[in-house]
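Coordinate analysis (summary)
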Amino acid sequence: MQNRFFITIFAISLFLTINAFAQREATDSADTKAKCLTICDFEDLISDSDGDGVIDKLDREHDTPKGCRVDTNGIALDSDSDGIKDCVDREPF
């Protein structure tokens, strides 16, 4: 949950930085509209298709099963290093 908070803050900061940069470089309103990010672009930045709390842009395992705990890269945890994810391992330790 803490990772989701920090990633959301990062995505919002990135969105605002890019948007401010585009507005600063724009010379007229038409140019501004062409260079600024849209809401759809922002939603793509923070989308999390597998619901593991790690945005897709940073997620190294895009098909994490629902309910699996993941590390900061979105990879399902394997506490005993036996090659079976904890969420499906009958003996996770």
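This section reports on the structure supplied with the text.

About the criteria used
- Position numbers for residues count from 1 along each chain, tracking the sequence in the order it is written.
- A pLDDT threshold of at least 70 governs which residues receive local features in this predicted model, and a stricter bar of 80 or more applies before side-chain atom pairs are shown or counted, although totals over entire chains, interfaces and linings include all residues.
- Just so you know, side-chain values use all the structure's heavy atoms and leave hydrogens and water out.
- To count toward a patch, a residue needs a relative accessible area over 30% and no salt bridge; like charges are then connected within 9 Å, while nonpolar side chains (Val, Leu, Ile, Met, Phe, Trp, Tyr) are connected within 5 Å.
- Note on areas: these come from Shrake-Rupley sampling with a 1.4 Å probe, and a residue is covered only by the protein chains present in the view.
- Any carboxyl oxygen of Asp or Glu that lies within 4 Å of a side-chain nitrogen of Lys or Arg is treated as forming a salt bridge with it.
- The way it works is that DSSP assigns letters per residue, a run of H or I at least four long becomes a helix, a run of E at least two long becomes a strand, and they are numbered from the N terminus.
- Relative accessible area decides the class of each residue, using a 1.4 Å probe on protein chains only: under 20% of the type maximum gives buried, over 50% gives exposed, and in between gives partly exposed.
- Contacts are residue-level and defined by heavy atoms, with any inter-residue pair within 4.5 Å sufficient.
- In this tally Asp and Glu are treated as negative and Lys and Arg as positive; neither His nor the chain ends contributes.
- For the purposes of this analysis, a disulfide is any pair of cysteine sulfur atoms at a distance within 2.5 Å.

This brings us to a nonpolar patch on the surface. Together, F5, F6 and I9 make up a nonpolar patch on the protein surface, roughly 310 Å² of accessible area in all. Among the secondary structure elements, F6 is positioned in helix 1 (residues 2-25). Note on F6: relative accessible area 47%, which makes it partly exposed.

Moving on, we get to the pattern of salt bridges. Considering all chains together, one arrives at one salt bridge under this definition. Here E61 ties to K85 by a salt bridge, and the two come within 3.8 Å at their closest N and O atoms. With E61 in the segment after helix 3 (39-46) and K85 in the segment after helix 3, the pair connects residues that are 24 residues apart, well separated along the chain.

Mapped onto the elements, C68 comes out in the segment after helix 3. Sequence separation between C68 and C87 is 19 residues; the distance between their C-alpha atoms is 5.1 Å. The residues contacting C68, other than those within four sequence positions of it, are A76 and C87.

By secondary structure assignment, the location of D59 is in the segment after helix 3. Within the buried set, D59 has no salt-bridge partner at all; the shortest N-O distance to an opposite charge, 7.9 Å, is to R60. If we skip the residues at most four places from it in the chain, D59 touches D48, D50, D52, V54, N73 and G74.

Applying the stated criterion across every chain yields a total of one disulfide. The side chain of C68 participates in a disulfide bridge whose partner is C87; the two sulfur atoms lie 1.6 Å from each other. With the S-S bond torsion at 45°, the cross-link from C68 to C87 turns out right-handed. In this pair, C68 sits in the segment after helix 3 while C87 sits in the segment after helix 3, placing the two residues 19 residues apart along the sequence.

Attention shifts here to the side chain of D56. As for its position among the elements, D56 is in the segment after helix 3. One buried charged residue, D56, remains without a salt bridge, the closest side chain of opposite sign being K57 at 8.2 Å. Those residues in contact with D56, other than ones at most four positions away along the chain, are S47, D48, S49 and H62.

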